[in-house]
Amino acid sequence: YQAKSGGVSVAAYDTASDAASTDQLALLAELREALQSDDQLVLVLQPAVDLVTGAPTGVEALIRWRHPRRGWLGPADFIRPVENSEQLGAFTRYVLDKALAVAADWAREGLDVPISVNLSARSLLDPRLPAEIAEALRRHQVPADRLVLEITETVVMSDLEVIDQVLTTLRSMGVQLAVDDFGTGFSSLAFLTRVTVDELKVDRSFVLQMADSPQAAAIVRSTVGLAHQLGLRVVAEGVETAAQRSALAELGCTAAQGYHFFKPMPADKIAAVLGSLRDSAPTNVLPLRADG
Ligand code: C2E
Ligand code: MG
Ligand code: MG
Ligand code: MG
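Summarised in this report is the structure supplied together with it. (Residues numbered from 1 in each chain as written. Chains lettered and ligands numbered in written order. Predicted model: local features only at pLDDT ≥ 70, side-chain atom pairs only at ≥ 80, totals over all residues. Heavy atoms only, no water.)

Details of helix 5 (residues 160-173)
- The terminal C-alpha atoms of helix 5, which comprises 14 residues, lie 20 Å apart, in line with the 20 Å expected from a rise of 1.5 Å per residue.
- Within helix 5 the residues assigned to the buried category are Ile-163, Asp-164, Val-166, Leu-167 and Leu-170. For helix 5, the arc enclosing every buried residue in end-on projection is 165°, short of the 170-degree limit, so these residues lie on one face. Away from the buried face of helix 5 by more than 90 degrees, exposed residues Glu-161, Gln-165 and Ser-172 are located. (Helix = DSSP H or I, 4+ residues; strand = E, 2+ residues; numbered from the N terminus. Expected span 1.5 Å × (residues − 1). Buried < 20%, exposed > 50% of the residue type's maximum accessible area, 1.4 Å probe, protein only. Arc of directions from axis to C-beta.)

Shown next, in the form of structure tokens:
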């Protein structure tokens, strides 16, 4: 059939990928609405815990879309098209704003736990990002070091100079950086020589295979060793069983995140969970505030 586009007749290919891209355009138009509404895009929160003390080491914010017609969507359903659209900037600001609002809420309750936000690699190509983040931190009165930005190693693939500049500026502001899905990207080790980071997150795939694959176990062990040598924190992702938990502890991993501890939860549950984790953690965890 013939599709009209901007007055020019275009022969359309009646293929699945064509249908998919039409659907992506619809989705992006709907995202524009969602970014304007206040109740469609929501963050769920997943604590990471110290494997020795059980205390919360941080909380990761994960986006969900409560779509008025399509139902609940996860990041896999919409992140890619958003990344490749002009709405990425608005989306990134939205997520940061929501995350910092949540962090400000629990800080008011005396809970001093950093919040981790996932950044699309492409948003690091925008030189305005550090100033926008500084403004959001000020507005929510969250100290910069309470924000951890999780980056995946695909960033190494594109415009290195801008990305390094953006990350270096963010870090000089006091914002923390984590390498997400460590070991799965390209040139991950080279990345560590270019940008100073604070945390490595061991990808879930290695945790999952650790018990059956000596290779996966060696990768986990090496990542933990690398983190220690570089003075970085290391957090294992996707821990689902007690066996994985103890294997990680034996490998020297000090923090972990996963369904074994907590599934991602709504924002209104998080303060209570952090509070009870803090109160039940042993005394080698310092009080979070002298006056608290
Ligand atoms: P990620 O940053 O590696 O996040 C971890 C993913 O693993 C999350 O999936 C989380 O729900 C899931 N997970 C946590 N514990 C377990 C477990 O024990 N078992 C299993 N099977 N899964 C577990 P989710 O929320 O679907 O997010 C997928 C990816 O989408 C994230 O991977 C992150 O890269 C991206 N993402 C999530 N939120 C955002 C966002 O706000 N902005 C951007 N740019 N990307 C996001
Ligand atoms: Mg992440
Ligand atoms: Mg990850
Ligand atoms: Mg992962």
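As for the coordination of the magnesium ion (ligand 3)
- Every protein donor of the magnesium ion (ligand 3) is accounted for by Asp-180 (OD), Asp-181 (OD), Glu-237 (OE) and Glu-237 (OE), and the metal-donor separations fall at 1.7 to 2.7 Å.
- Distance-wise, the magnesium ion (ligand 2) is placed 3.7 Å from the magnesium ion (ligand 3), both being coordinated by Asp-180.
- Among the residues examined, Asp-180 registers a relative accessible area of 5% and is labelled buried.
- The exposure class of Asp-181 is partly exposed, given its relative accessible area of 22%. (Donors = N, O, S within 2.8 Å, 3.2 Å for Na, K, Ca; no water.)

Some words on the coordination of the magnesium ion (ligand 4)
- Looking at the magnesium ion (ligand 4), the protein donor atoms are Asp-181 (OD), Asp-203 (OD) and Glu-237 (OE), and they sit 2.2 to 2.5 Å from it.
- The sequence pattern describing where the donors of the magnesium ion (ligand 4) fall on their chain is D-x21-D-x33-E.
- If you look at the magnesium ion (ligand 4) and the magnesium ion (ligand 3), they sit 2.9 Å from each other and are both ligated by Asp-181. Taken together, the residues span a long stretch of sequence, with Asp-203 in the loop between strand 9 (199-202) and helix 7 (204-209) and Glu-237 in the loop between strand 10 (233-236) and helix 9 (242-250) at a distance of 34 residues.
- A relative accessible area of 11% places Asp-203 in the buried class.

Notes on the pairing of strand 4 (residues 56-67)
- Across the 12 residues that make up strand 4, a large majority, nine, are buried.
- Bridging between strand 3 (residues 41-50) and strand 4 involves nine bridges; their strand directions are antiparallel. When the sheet's bridge partners are listed, Leu-43 is paired in strand 4 with Ile-63.
- Where strand 4 and strand 6 (residues 115-119) come together, three bridges link them in parallel fashion. Paired with Ala-61 across the bridge in strand 6 is Val-117.
- The turn linking strand 4 back onto strand 5 (residues 71-73) is made up of three residues. (Pairing = 2+ DSSP bridges.)

A closer look at the nonpolar core
- Trp-106, Leu-147 and Leu-149 are the most contacted members of the largest nonpolar core, which totals 81 residues.
- Here this core takes 11 residues from helix 3 (residues 88-108), the largest share from any one element.
- In this view, Trp-106 contacts Val-59, Leu-111, Val-113, Pro-114, Ile-115, Ile-270, Ala-271 and Leu-274; residues no more than four positions away in its chain are not counted. (Core = buried A, V, L, I, M, F, W, Y, C linked by side-chain atoms within 4.5 Å. Contact = heavy atoms within 4.5 Å.)

What about the site of ligand 1?
- Around ligand 1, a shell composed of 23 residues is seen, among which Arg-64, Asn-118, Asp-180, Glu-240 and Tyr-259 lie nearest.
- Residue Asn-118 places a side-chain N or O atom 2.8 Å away from an oxygen atom belonging to ligand 1.
- Contact distances for ligand 1 include 2.9 Å between a nitrogen atom and a side-chain N or O atom of Ser-120.
- When ligand 1 sits alone it has 800 Å² of accessible area, and the protein chains cover 80% of it.
- For the shell around ligand 1, the elements supplying multiple residues, two or more each, are strand 4, helix 2 (75-83), helix 3, strand 6 and strand 8 (176-182).
- Top contributing element to the shell around ligand 1 by residue count: strand 4, with four residues. (Near = heavy atom within 4 Å. Polar contact = N/O pair within 3.5 Å; in protein donor to acceptor, adjacent residues only side chain to side chain. Areas by Shrake-Rupley, 256 points an atom, 1.4 Å probe, with all protein chains shown as cover.)

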